[in-house]
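Given next are the chains, with one letter for each unit.
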Amino acid sequence: MFSQGHIIFIFISLFLVLVGTLVCYKCNFPAEKVIKVCFIAALICEVSKTFMTMEIVPIVETAVENGALVYKSTGRFSPYIRSEHLPFYLCSLQILFLYLAIVVKNAKWKKRILSFIYSTALIGGLLAIFLSSVVSEFSSTVEFLTSIRAWEFYLYHVMIIVVAMVIVHDKKCDIRFEDIKWTCFLMLVLDIISIYLNAIFSVPLYNNGVLLGVTHVSNFFSSYEHPLGMQMVNKQEYLIYLAQRFVLAVISFVIVYLPLLKRNNEKKS
């Protein structure tokens with residue numbers, strides 16, 4: 001985290017966000033067209049990420065030899081994508097919401113989706129750039145800066161931030177402070193779903209039917225593990241963590257929606 005390569009990418013990303021946003025504003029690109037272009041670009045990024053992170057691994061089977069459990073190769077191989085690369089993070093799910101923003105015709109739900117994209121893409125994109133999950137994949141600055149995977153990661157998050165800025169700027173979208181309630185509701189629904197997804201993709205270890213622990217934990221939405229590595233050793237600590245996450249999410253939404261209060265005043269006047 002915050003290695004030399006990471007810091008360089010932070011500055012590059014913020015510069016591209018600024019340039020991309022200014023270009024869209026100056027050329028007055030409508031949010032509808034920007035969303036369509038970014039949806040296609042997001043799909044390309046996701047497909048390329050899938051093939052870049054895919055591994056060809058041996059298929060093994062378990063056996064007991066001399067009272068010890070061993071893994072034997074079957075001589076066969078299979079493509080495999082680790083759970084942390086599956087598109088169930090909030091930023092990856094923007095692909096789905098961009099698609100819904102294109103196809104949904106109901107005006108109320110379209111506005112709710114656009115509002116959700118604005119706040120979550122802006123917050124999630126910035127967090128992803130500053131707390132990059134790809135930093136640990138590279139051992140040197142040169143490897144980091146020359147990696148297609150790293151560029152795909154940062155350009156994708158730059159793109160969704162620009163989309164968010166275009167949506168909030170386009171008067172046709174009419175995003176207002178009161179839209180925060182639907183954003184909080186949709187975020188809560190996704191948060192609950194993530195708890196089940198993390199359970200599905202975690203790998204439990206049993207002994208005679210007794211759960212000993214897990215050998216791998218998924219952490220979509222950071223709903224299972226603290227993003228800063230703080231340990232939660234009992235359910236009470238975990239519930240406190242969930243409450244803290246919820247409060248932090250609400251505060252973050254208030255911050256990004258607060259500038260939109262003036263639109264309410266403009267409407268009244």
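So, here's what we can say about the structure. Keep in mind the model is a prediction, meaning the values are calculated, not measured. (Residues numbered from 1 in each chain as written. Predicted model: local features only at pLDDT ≥ 70, side-chain atom pairs only at ≥ 80, totals over all residues. Heavy atoms only, no water.)

**Here's the deal with the pattern of salt bridges**
Evaluated as defined, the whole model comprises 10 salt bridges. Arg82 serves as the salt-bridge partner of Glu55, at 2.7 Å between the closest nitrogen and oxygen. Pair noted here: Glu55 is in strand 1 (residues 55-65) and Arg82 is in the loop between strand 2 (68-80) and helix 3 (90-103), with a separation of 27 residues, a long-range link. With a shortest N-O distance of 3.8 Å, Asp174 and Lys111 are connected by a salt bridge. Of this pair, Asp174 sits in the loop between helix 6 (148-169) and helix 7 (180-201) while Lys111 sits in helix 4 (residues 107-130), placing them 63 residues apart in sequence. Since its relative accessible area comes to 22%, Lys111 is described here as partly exposed. Salt bridges sharing common partners tie together Lys111, Asp174, Arg176 and Asp179. (Salt bridge = Lys/Arg side-chain N within 4 Å of Asp/Glu carboxyl O. Helix = DSSP H or I, 4+ residues; strand = E, 2+ residues; numbered from the N terminus. Buried < 20%, exposed > 50% of the residue type's maximum accessible area, 1.4 Å probe, protein only.)

**A short note on unusual backbone geometry**
Although it is not a glycine, Asn208 adopts a positive phi angle of roughly 55 degrees. Looking at the secondary structure, you find Asn208 in the loop between strand 3 (203-207) and strand 4 (210-216). For Phe221, which is not a glycine, the phi torsion comes out positive at approximately 65 degrees. Counting through the fold element by element, Phe221 comes out in the loop between strand 4 and helix 8 (235-257). Residue Phe221 is classed as buried on the basis of its relative accessible area of 12%.

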